[in-house]
Amino acid sequence: MIKKIFSLLLIFTGIAVINSCTKLEEDVLDEGSVAGLTDKQQAEGVIAPVYAKLEDVFMHTTYFALQEISTDEAILPFRGGTDWGDNGIYVQLHKHENIASDVNVRNTWNHILIGISRAVTAMNALPTNTYTDSKLFLAEARGMKAYYSLLTLDLYGLIFVKEDASETSKILRGEEAIEYIKSELLAVEPLLDNTTGPGRLTKGAVQGLLARLYLNAAVYRDRYASSFTFKTEDMDKVIEYCDKIIASPQYALSADYFSMFNDNNHTNRELIFAVDQRADLGNGHNRMAYFSLSGDHFPLTAYPGANGTDGPGITPEFYRTWVNAYAPTDPAAIDPRFYKQNLVVPADSCVPKATFNIDRGILRGQQYGLIRVSGAFVNCGTNGLRVGKLHNTTRPGSTNVPVNFTEQIDFTVAGSGYSTGYRVEKYEFSKTSVSGRNFGEHDIVILRLADVYLMRAEAKLRKGGADASALADVNFVRAARTASTPPPPLANISLDLLLRERGFELYWEMVRRTDMIRFGKYEGTWTEKTSTDKQKRLFPIPSTAIDAASNIPGYLVQNPGY
Amino acid sequence: MLKLNQRFVFFRMLPVLLTFFFLLPMLIVQAQQRQITGTVKDTKGSPVASVTVIVKGSTGTTLTAEDGSFTISAKDGDVLVFSSVSFESTELKVTSASSYEVVLTANTVVLSDVVVVGYGTQRKKDVTGAVKSLKSDEFNKGIVNTPQQLLQGKVSGVNVTSSSGEPGANIGITVRGPGGVRTGSTPLFVVDGLPLDNSSTGGGDPLNFINPQDIESIDVLKDASATAIYGARGANGVIIITTKRGKAGVSTLGFTSSVGFSSIANALPVFNGDEFRVAVPQVGGTLDNKGGNTDWQDEVTRTAMTQNYNLNLSGGANKLSYFASFGIQKQEGIIKENDLDRYSGRFNVTQKFLEDRLVLEVNLGVSNTKQKRPPITSVIGDAITYNPTYPAYDANGNPAIYQNINPLLYFELDKETTTINRVTGNISPSFRIIKGLVYKLNFGIDNSTATRDVLSLPSTVPFRDGRLDNFYNWNRNTLVENYLTYAWSKAKHNVSALAGHSYQKIFVQQRNSSINRFVVGGVDPIYNPGVGQDLTLANNRPGGFAFINELQSFFGRVTYQYNNKYLFTANFRADGSSKFGDNNKYGYFPSFSFGWKISDEDFMQNSIFSNLKLRAGWGLTGNQEIPPKITQALFTSLGSASYPLYPASGNYPAGYAYTRLANPDIQWETSEQIDLGLDFGLFKGALTGTIDLFHKVSRDILLQVIPADPVQPATEVWSNVPDMTITNQGAEIELDYRHKSESSISYNIGGNITFIKNKVENSPYTLIPSGSVSGAGITSSTINGYVNGEPIGTFYLKEFIGFDNNGMSAYTDVDKNGVINDNDRLALGTALPSVIYSVYGNIGYKGFDLALNFNGVSGNKVYNYTENVSFSKLRLAKNVNSIPEAVADPKESINNPTPVTSRYLRDGAYLRLNNATLGYNFNTKKLGISNWVSAVRFSVTGQNLFVSTKYNGYDPEVNIDRSINGISSYGIDYITYPKARSVIFALNFSF
């Protein structure tokens, strides 16, 4: 009896012991931490993420929205009372009424700062790496940190200096920030390669960024000045770095303007620095091509689900700068940067699948495209698809309303229809984009040669006494677009004309806000924008970041006016 | 930190104290009197344990053992008094005999006064914590899928939100208010001693597997003095479910069957075709008229039938008792193509060995649930807005094809099927080592596997490629517990102690795969996914996750009663969890509570109170429902961190990035609770009641926070926010009056009411947003927002104040800067009710009985996000259907946009006739079948018969999950599955 009890007790205790007294160390099953990498894998593995963040920064709702919708180049009304209302953020952005809780302001901030952090991680890991390219990667990481810092300086008026992941960043503003970015870029310039672009940071890219920094230094030094003082030595530096790039045989202006924005633009020699997108990698996005296009425009014969979204259009003021420049000639007829027709509707309105291609540039008036009924394209002939006038077929209650883009676009009801505003289809609609949103193929341009010429021209003008040379730079760019008849040369040049020219050449390339501030035009009036508040030259620091830093008094101070 | 250290030192001392209590009885010298022994049995001859035996007029007292035996020292001529809650007191005069057999008759009034507390049971009158026990006959009736629904309105302080009318949908439940801002405020469920994991098992409510008819009782431990025995899982309350067991000597065979019919309780009053033809031009739209008159809500819903069959056997002999059941519930949803079928079986056995010293309990439950659902949000969202002039069917009787998908086409093109198999079982032998000292082992396992197929069929018109997604879930929860209990009583002292160790391991895994593009009319891809024609990593990358949570605990309890009047309970648990950071592996959770049975005092001898007990308790508990792995940094290869470094295509280098930062300090959320309670009974127990006051403060709130230095590899890091608190305080009152009469009408009325207030304080954040919205120009708005001084579930919105002269919405300009934006938002009420109440009544006359249950809430708001995004003049003008109310104001311009504002904030108060049952028990003796059938009962139950509310949606009891980053949303109604009104006919036989 006692024996029985004893053996039973032993069994129970045995069960108890088998399963008990664990150390409670968490066993992670579904995540592999990095171990056993070769030096090459590690080196590539820490530099790739630094660049990969660019794709998130250069989204339609982040950097694009901040740099374009806040200006006269783009406006995004609450379309049809159903689309892009987004709690008023695009209206706020255009009217310069941003607040610290704005999600787009916050998302842009977050993406850029993760980019900086990844650069710090790479800079901490690469010095001990023995892979042959690790020194180059280290220079690129440091350069990218400087580039991301240039973005935070431009958008939010401050930079974060962090050399080691374990330390707390130091915050710099104004002159100190300029000096820091300058010194970082200068430090890496001699170390960089010039053959790894445009998807990676090259010597040429850093020279271009230095030119950009010097050109805007007056703004960054005295952000709220009523007029900026451009120092001669800064302008000399702009010219010096632009000269270096222009002198490089590596870069050349593109004869075909829109080919710079095609799916295959990676090898276009005009591109100096760009976000390298590959459809087969799957990370890229087609938002640059999707954002402005009509929601009833389905540009890919292979994918009847890929459409646009009726996002922003250009303001009538911006459109008028084109019209006024070329009157009485229509800008489409005289400037190949304005418009390129790819679709000619044949008499039988049947287009072979293989040749169907949508128009590019600034789209006006009635739009034509593939006819789509109940989610499927209408076939015709052999391997043909029916094309015709587009209607707002997918918009309940507007199914018979034609997709006819109007010059008027504003925040009134009449100006906020699905089809108001002239649209921009600068980038090619990526041929593999199943949904129209994903699988971007084209590189997104950050810096290209035409901008370098125009920066040099501007520096010459601001320095004074070299107007003819500046005009030559501008006309050299115009004359280079020889794939069709290039736009006629300008007869004279001034700062106002140069800003207009930058608009013609670089519209929707995410430089407009910086340009307008530098040219003193950001407090102007256009369409729905009347604010003259200089404090809006900077975006607010997101309230989430201010909250998070509230335990360190005085560390992160909100920009004035927010 | 200092506080923690003190706590720690104190609880290191606890084992010493426990040892002391164990040794105490052995130190006391026995008195010199004759030993009287005996056995106490009930009228059926079964031994009765835990009967108090007192020597009248002296201090001698003892308790009967499991086998009914007792030993007490007494002199000849002494009178022994045998008393127990469940039995009438009996007296016995000691004669020369030294052994006695005492038979107790059951006390019919308070037969059920045993409550299940963690790791044991207590008599209700001895309980010092806030605990409510609910027996099966008190449960809600009707079509019930989960134990939470059985409880709704039954227990004060417990808020059950059955927010969807979908069979098997998740049911929300909170005990004494939410203590955190994240999801994970669900109480701990313990089924037959096995604590469940609240992780999803693959679809629907995780408790769908329990057949409600197998449940004997549900005990709700509300305050920390009761839940601290469950330590780091006790902060949100503990709900203990006990399944039925057989009784020795009673053999029963029961068969119940029911059939129920459900239909939509309240359709939205959208325009019908004729009204629509008038309304669209009226608001200035161009009518799109196809001449029909279709009620789309009627087209997508149906009268649904639910069948339930349940067979159970129970019985036993001296050493063995068993309960076995088999249940089938086939439930149709009121939306077409939506069903939930459940098959469940249970086998519970108790076997005694070794002269009853060893008792082996085995519980086994198995269930299979199969759920089929159409894309419900699309179906309902479209049905309430689709043009009612469009005929539903074409000339051939098929759903008509229009430019925008006909809601009926979803039934043909989309389906989701989830099958879950779940087995729960435990074996728990207990062994009486010496008298009063019992060792118990509990070994349990809960294993579920689920398969979910989400199928979008290919179609030519409307064009679709088709896609199949397969999800596989595995959940395995194993438990080993060893504990000792000791009971000792001497004179006026009555002591019991418990000490144990527990180890629990929870494994959760999900895998998913998918394939695209099928041939129209081909093989159903569910049966052969290989018929798919498109499979790319970009579109079909397989996914999954897996984690293991381990929990190791040491726990103990001491109860001490002096003179049966002064009660003291101390609970303690040390919980270690693999989810906690290295610097905080173990949490320590003590509680103390006191009870004073005032009614047993001499001065209360002639009072009207048959029972009056004062309770007071304090305790610390934790909430360890935090995501796994958050203490550890993750630096890993990330698809989105890859980038083409070289010109060539393909073979892109992997990118390694931090996606999570380490925080070795992460710990449980801590909750400190004080409870003051009064239990009372008047008029010989006819009127009973309870009043509780509670104050619960949650600290160490766990959030994903942004570091002060924003240059971080990941935007956020998990952290316990210092200083931030969430306080729930309130009062609970329960009252019950019973009138019992043998011959005529007997009745019982009662109710409960809870007053509760919740408040967030010392949050370092200006606003913690939740309640995400999307679509129709409101993306990036949020509905809920947590700010200091306001409760969880607060609606943080722009305040709508009417229309301006242009017919556009006007809002309060809080900062008075002339611009209305998110800076003008205000806290405008909360989704948490301030009052939760229920009223019930039962009446019996001869064979008939009628039971009514009402429940309701008030003081809460509901955000009608459905109305916000679906109905407006602007949309009506575009031929989108609407409820008349949304377009009624003639002042409103057709172009007025409808952002997220208080315009859609509604009073969420309601009173519901939750269920009403009319039953008749046939007199089997009169029918002459009593030898064969002992009882026959027929009943009709009406469920959700009426709701009184001002709310204009389907039902005010709503809570669609619109959480943001795991921050819970509350009180948002978004195209919620409409609630059903049901009538159920049931027939029960006992053999």
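Scroll up for the structure.
**Student:** Teacher, can you tell me more about the packing of helix α6 (residues 134-156) of chain A against helix α8 (residues 203-221) of chain A here?
**Tutor:** Two quantities define a packed helix pair, namely the angle between the axes and the distance from one axis to the other. Residue and element names in this part refer to chain A. At a closest axis distance of 12 Å, the pairing of α6 and α8 adopts a crossing angle of 25°. Taken together, the axis directions place α6 and α8 in an arrangement best described as roughly parallel. Crossing of α6 against α8: the hand is left-handed. For the pair formed by α6 and α8, the contact residues are Tyr147, Leu150, Leu153 and Asp154 on the first element and Leu209, Leu213 and Tyr220 on the second. When the residues that make up the contact of α6 with α8 are grouped by side-chain class, the tally is six nonpolar, no polar and one charged.

**Student:** When you look at the nonpolar core in this model, what are you seeing that I'm missing?
**Tutor:** Formed by 158 residues in total, the largest nonpolar core has its most connected members in Leu54 and Phe58 of chain A. Of all hydrophobic cores here, the second largest spans 63 residues; its members include Ile334, Val379, Tyr386 and Ile778 of chain B.

**Student:** Would you take a moment to explain the pattern of salt bridges for this structure?
**Tutor:** It is possible for side chains bearing opposite charge to pair when their charged atoms get close. Enumeration according to the criterion identifies 88 salt bridges over all chains in this entry. Asp955 of chain B serves as the salt-bridge partner of Lys979 of chain B, at 3.7 Å between the closest nitrogen and oxygen. With a gap of 24 residues between them, Lys979 of chain B in the loop between β50 (972-973) and β51 (980-990) and Asp955 of chain B in the loop between β49 (935-949) and β50 connect regions that are remote in the sequence. For the pair shown, Lys979 of chain B and Asp955 of chain B are each scored as buried. Overlapping salt bridges bring together Glu270, Asp335, Arg337, Lys426, Arg448, Arg478, Arg481, Glu501, Glu505 and Glu509 of chain A as one network.

**Student:** Help me understand the sheet that holds strand β2 (residues 52-55) of chain B, please; the structure alone is not making it clear to me.
**Tutor:** Residue and element names in this part refer to chain B. Strand order in the open sheet formed by four strands is β3-β2-β5-β6, and the pairing between neighbours is antiparallel. Since the sheet does not close on itself, it has two edges, and those belong to β3 (61-63) and β6 (87-93), each with one partner. The sheet shows a mean angle of 20° between the axes of neighbouring strands, taken without regard to direction. Strand direction decides the pairing type here: strand β5 (residues 79-84) and β6, joined by five bridges, are antiparallel. Across the sheet, residue Val79 finds its bridge partner in β6, namely Lys93.

**Student:** Any chance you could explain unusual backbone geometry here in plain terms?
**Tutor:** If a residue is not glycine, its phi is most likely negative; likewise, a peptide bond is most likely trans. Residue Pro198 of chain A is reached from Gly197 of chain A by a cis peptide bond, and omega for that bond is -5°. One can find Pro198 of chain A in the loop between α7 (174-188) and α8. Omega for the peptide link from Ala327 of chain A to Pro328 of chain A comes to 5°, which places this bond in the cis form. By the element assignment, Pro328 of chain A lies in the loop between α11 (316-326) and α12 (331-334). Not every positive phi belongs to a glycine, and Glu355 of chain B is a case in point at roughly 55°. Structurally, the position occupied by Glu355 of chain B is in the loop between β20 (339-353) and β21 (358-373). One non-glycine residue, Lys816 of chain B, lies in the positive phi region at around 50°.

**Student:** Would you mind showing me how to read the sheet that holds strand β46 (residues 861-864) of chain B here?
**Tutor:** Strand pairing in a sheet takes place through backbone hydrogen bonds and is either antiparallel or parallel in direction. Residue and element names in this part refer to chain B. Taken in spatial order, the three strands line up as β47-β46-β50 in an open sheet, and their pairing is mixed. Of all the strands in the sheet, the pair left with one neighbour each is β47 (905-907) and β50. Summarising the sheet, β46 and β50 pair through two bridges and their orientation is parallel. Within β50, the residue paired with Tyr863 across the bridge is Ile972.

**Student:** I keep staring at helix α5 (residues 273-282) of chain B and nothing clicks. Help me out?
**Tutor:** For an α-helix the count is 3.6 residues per turn, leaving residues at separations of three or four pointing the same way. Residues and elements named next belong to chain B. Along α5, the positions that sit buried rather than exposed are Gly273, Phe276, Arg277, Ala279 and Val280. Structurally, α5 contributes buried residues whose contacts are with α11 (873-877). Two to three positions downstream of the cap, the backbone nitrogen of Asp274 sits 3.1 Å from a side-chain oxygen, assigning the N-cap of α5 to Asn272.

**Student:** I keep staring at the environment of Ile328 of chain B and nothing clicks. Help me out?
**Tutor:** All names here are of chain B. Structurally, Ile328 can be placed in strand β19 (residues 320-332). Separated by 15 residues in the primary sequence, Ile328 and Tyr343 place their C-alpha atoms 4.7 Å from one another. Contact partners of Ile328, with chain neighbours within four places excluded, come to Gln307, Asn308, Tyr309, Arg342 and Tyr343.

**Student:** Even after reading the chapter, I still don't get the side chain of Lys154 of chain B, so can you show me in this structure?
**Tutor:** Residue placement: Lys154 of chain B occurs in the loop between α3 (147-151) and β11 (158-161). No salt bridge is formed by the buried Lys154 of chain B. Its closest oppositely charged neighbour is Glu138 of chain B, at 7.3 Å.

**Student:** Explanation requested: the pairing of strand β48 (residues 910-922) of chain B in the structure shown.
**Tutor:** On any regular strand, side chains alternate: one points to one face of the sheet, the next to the other face. All names here are of chain B. Where strand β45 (residues 848-858) lies against β48, ten bridges are found, and the strand directions are antiparallel. From the neighbouring strand, Phe854 faces β48, where its bridge partner is Leu913. When β48 meets β49, the two strands line up antiparallel, connected through twelve bridges. Paired with Asn921 across the bridge in β49 is Arg937.

**Student:** Would you take a moment to explain the packing of aromatic side chains for this structure?
**Tutor:** The description of two aromatic rings rests on the distance between their centres and on the angle between their planes. What the rule picks out here adds up to 51 aromatic pairs over all chains. Plain terms: the ring middles of Phe58 of chain A and Tyr63 of chain A are 5.2 Å apart, the flat faces sit at 65° to each other, and that makes the pair edge-to-face. Assigned by exposure class, Phe58 of chain A and Tyr63 of chain A land together as buried. Among the aromatic residues, those joined into a cluster by ring pairs are Phe318, Tyr319, Trp322, Tyr326, Phe338, Tyr422, Phe504 and Tyr507 of chain A. In this structure, Arg422 of chain B packs its charged tip against the face of Phe209 of chain B, placed 3.8 Å from the ring centre. Across the ring face of Phe471 of chain B, the terminal group of Arg452 of chain B is positioned such that the distance to the ring centre comes to 4.4 Å.

**Student:** Quick question: what am I supposed to make of the packing of α7 of chain A against α8 of chain A here?
**Tutor:** All names here are of chain A. Their axes nearest at 10 Å, the elements α7 and α8 cross at an angle of 170°. One way to sum up the angle between α7 and α8 is to call them roughly antiparallel. For the pair α7 and α8, contact is made by Gly174, Glu175, Ile178, Ile181, Lys182, Leu185, Leu186 and Val188 and by Val206, Leu209, Leu210, Leu213, Tyr214, Ala217, Tyr220 and Arg221, respectively. Considered class by class, the residues forming the contact of α7 with α8 number twelve nonpolar, one polar and three charged.

Rules used throughout
Residues numbered from 1 in each chain as written. Chains lettered and ligands numbered in written order. Predicted model: local features only at pLDDT ≥ 70, side-chain atom pairs only at ≥ 80, totals over all residues. Heavy atoms only, no water. Axes fitted to C-alpha atoms, helices over the stretch in contact; angles between N-to-C directions. Helix = DSSP H or I, 4+ residues; strand = E, 2+ residues; numbered from the N terminus. Parallel < 35°, antiparallel > 145°, perpendicular 65-115°, else oblique. Left-handed = near helix turned anticlockwise from the far one by under 90°. Contact = heavy atoms within 4.5 Å. Nonpolar A, V, L, I, M, F, W, Y, C, P; charged D, E, K, R; others polar. Core = buried A, V, L, I, M, F, W, Y, C linked by side-chain atoms within 4.5 Å. Buried < 20%, exposed > 50% of the residue type's maximum accessible area, 1.4 Å probe, protein only. Salt bridge = Lys/Arg side-chain N within 4 Å of Asp/Glu carboxyl O. Pairing = 2+ DSSP bridges. Polar contact = N/O pair within 3.5 Å; in protein donor to acceptor, adjacent residues only side chain to side chain. Lys, Arg positive; Asp, Glu negative; His and termini not counted. Phe/Tyr/Trp six-rings, centres within 6.5 Å; stacked < 30°, edge-to-face > 60°. Lys NZ or Arg CZ within 6 Å of the ring centre and 35° of its normal.

What is shown is where atoms sit, not what they do.
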